[in-house]
Amino acid sequence: MSHPLHIAIIGAGLAGISAARSLDEAGHQVVLFDKSRGSGGRLSSKRTDFGNFELGAQYFTARDHSFRQELKTWLDAGHVEEWTPRLYQFDQAGLRLSDDDQQRFVGFPRMTAWSRALLEGLQLVSSTRIEQVQADAEGRWLLLDDQQATHGPYDRVIVATPAPQAVPLLQAASQLAHTASQVQMLAGWTLALSFGAPLDTPVDACFVRQGAIDWISRNSSKPGREGPDNWVIQSTPDWAAAHLEDSKEDIIRQLQQAFADVLGLQLPTVDFAHAHRWLYARPDQQCDWGALAAPELGLYACGDWCLGGRVENAWLSGIDIAEQLTYG
Ligand code: FAD
Ligand code: NAI
């Protein structure tokens, strides 16, 4: 490498983190910005008095060779463990066991413990929402946040946010902004429920994919999740679109009922219930872009939406951009 670049990455989800790690290892000076207090983006663990809940990604699979190699290092370091739920499927015939050979992995002991471990040694500026990316007189990049503070200048900027949030940040690269604006992201509701006594069901996880519910999992069946019988219920995109503006109380009531119907149970008293709305849960399409680049400007974009809404794809998209920046 001729000289290390100063690189800003907007978004400390998995795509931003993988780009940051790879660029840091290549000798560049990298700073991540995130509007949240923490990091991990849609890898999200909520801590409560009733234990933790995974409100975003539930698990991940690993199909790409290079990602599987990374996975091995995370497993060896204890940041990730395999999760082998008693897996069910719900359809017209009702609830039935749907075990398969697919390996599924989770962060240990929480999803965000993994993303936090990946951030170690990297510089993160949290609670900072970037609103504009602007060129200075020398053609380097300044970031303007929502408190009117300026950050930079940087030689390169990588936008690693969901596509709709990337569009205003990519205005200086109109082709990238246009491409990102073609991606719609679908909303989703997540319900977290905690019960004082374990529910009387063999189900640890269930693909439902119809009506209100997309997916159910017994959060406490994942490795390292100690504490009460905690469940996560995720809505289908269609149901979320139809109930986007419902009150959280209504969402809790409706998803709780749908959950009871799927499991065929009369639910005991709920100790804790929480509804979380994801405005940008998943891209509406699969792409094969890898990442987006305007190298002549030094502006780049990555994220799951460049490949398809999965954890592995977010990681690979970040690596793609790091390789483009490092090897040209
Ligand atoms: P994100 O994780 O969204 O990261 C983007 C980051 O950018 C965020 O931290 C955000 O705060 C930040 N940001 C946005 N705008 C700004 C700004 N202006 N300034 C500063 N920071 C900004 N995938 C699976 O493989 N398996 C699953 O089981 C699974 N389940 C899911 C369930 C749900 C409910 C959801 C929502 C997603 C699920 N996914 C799952 C998808 C997976 O979570 C995503 O593909 C992946 O986490 C996306 O990572 P990312 O880095 O591309 O984006
Ligand atoms: P995967 O291989 O476990 O699942 C892929 C798809 O195959 C599932 O969506 C499901 O429809 C089907 N499937 C897999 N195993 C099944 C089984 N045993 N029985 C019945 N159906 C089965 O995982 P992959 O490919 O890594 O996908 C990631 C997961 O993340 C998917 O389940 C996806 O829906 C979910 N996701 C959820 C989001 C949300 O907002 N709720 C956003 C993005 C992804």
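Everything that follows concerns the structure shown earlier in this document.
As the structure is a prediction and not an experimental result, all values here were calculated from the model.

Conventions used here
Residues numbered from 1 in each chain as written. Chains lettered and ligands numbered in written order. Predicted model: local features only at pLDDT ≥ 70, side-chain atom pairs only at ≥ 80, totals over all residues. Heavy atoms only, no water. Helix = DSSP H or I, 4+ residues; strand = E, 2+ residues; numbered from the N terminus. Rg over C-alpha atoms; globule rule 2.2 N^0.38 Å. Buried < 20%, exposed > 50% of the residue type's maximum accessible area, 1.4 Å probe, protein only. Contact = heavy atoms within 4.5 Å. Areas by Shrake-Rupley, 256 points an atom, 1.4 Å probe, with all protein chains shown as cover. Lys, Arg positive; Asp, Glu negative; His and termini not counted. Charge placed at Lys NZ, Arg CZ, Asp CG, Glu CD. Salt bridge = Lys/Arg side-chain N within 4 Å of Asp/Glu carboxyl O. Axes fitted to C-alpha atoms, helices over the stretch in contact; angles between N-to-C directions. Left-handed = near helix turned anticlockwise from the far one by under 90°. Nonpolar A, V, L, I, M, F, W, Y, C, P; charged D, E, K, R; others polar. Near = heavy atom within 4 Å.

Colleague: Explain the overall build of the chain to me, and be specific about the residues and the numbers.
Modeller: The number of helices and strands found in the chain is eight helices and 20 strands. By the compact-globule yardstick of 20 Å for 328 residues, the chain fits well, its C-alpha radius of gyration being 20 Å. Considered along the principal axes of its C-alpha atoms, the chain spans approximately 65 × 45 × 35 Å. Here the chain, with 328 residues, has 52% of them falling under the buried criterion. Across the chain, every contact between residues at least 6 apart in sequence was considered, and the portion connecting residues at least 24 apart equals 67%. Carbon together with sulfur atoms contributes 45% to the accessible area of the chain, which is approximately 14800 Å² in total. Here the chain contributes 26 positively and 40 negatively charged side chains, and the mean placements of these two sets differ by 3 Å.

Colleague: Give me the lowdown on the pattern of salt bridges, citing residues and values where you can.
Modeller: Here the idea is simple: oppositely charged side chains can pair when their charged atoms come close. Evaluated as defined, the whole model comprises 15 salt bridges. A salt bridge links K222 to E54, with the shortest nitrogen-to-oxygen separation between them at 3.8 Å. Separated by 168 residues along the polypeptide, K222 in the loop between β16 (213-218) and β17 (229-235) and E54 in strand β4 (residues 51-54) bring together distant segments of the chain. A salt bridge links E245 to R277; the nearest nitrogen and oxygen atoms lie 3.6 Å apart. One end of the pair, E245, is in the loop between α6 (237-242) and α7 (248-263); the other, R277, is in strand β18 (residues 270-283), and 32 residues separate them in sequence.

Colleague: Run through the environment of L199, naming residues and quoting values.
Modeller: Along the chain, L199 falls in the loop between β14 (185-195) and β15 (205-210). Considering only alpha carbons, one finds L199 and K35, 164 residues apart in sequence, at a separation of 37 Å. The contacts of L199, once residues within four sequence positions are left out, are R218, D229, W231, F259, L263, L265, L267 and P268.

Colleague: Describe the packing of helix α1 (residues 14-25) against helix α8 (residues 311-327), and please don't skip the residues or the numbers.
Modeller: The N-to-C vectors of α1 and α8 enclose an angle of 35°; their axes lie 7 Å apart at closest approach. Handedness of the crossing formed by α1 with α8: right-handed. Contacts between α1 and α8 pair L14, A15, S18, A19, R21, S22 and L23 from the former with V311, A314, W315, G318, I319, I321, A322, L325 and T326 from the latter. Partitioned by chemical class, the residues of the contact of α1 with α8 number eleven nonpolar, four polar and one charged.

Colleague: Which residues make up the site of ligand 2, and what values do they have?
Modeller: Residues in close proximity to ligand 2 total 16 residues, the closest being Y59, T61, R63, S98 and R209. When isolated, ligand 2 has an accessible area of 780 Å², and the protein chains bury 71% of it. Counting residues per element, the ones that place at least two in the shell around ligand 2 are β6 (87-91), β15 and β18. Its residues assigned to classes, the shell around ligand 2 comprises four nonpolar, six polar and six charged.

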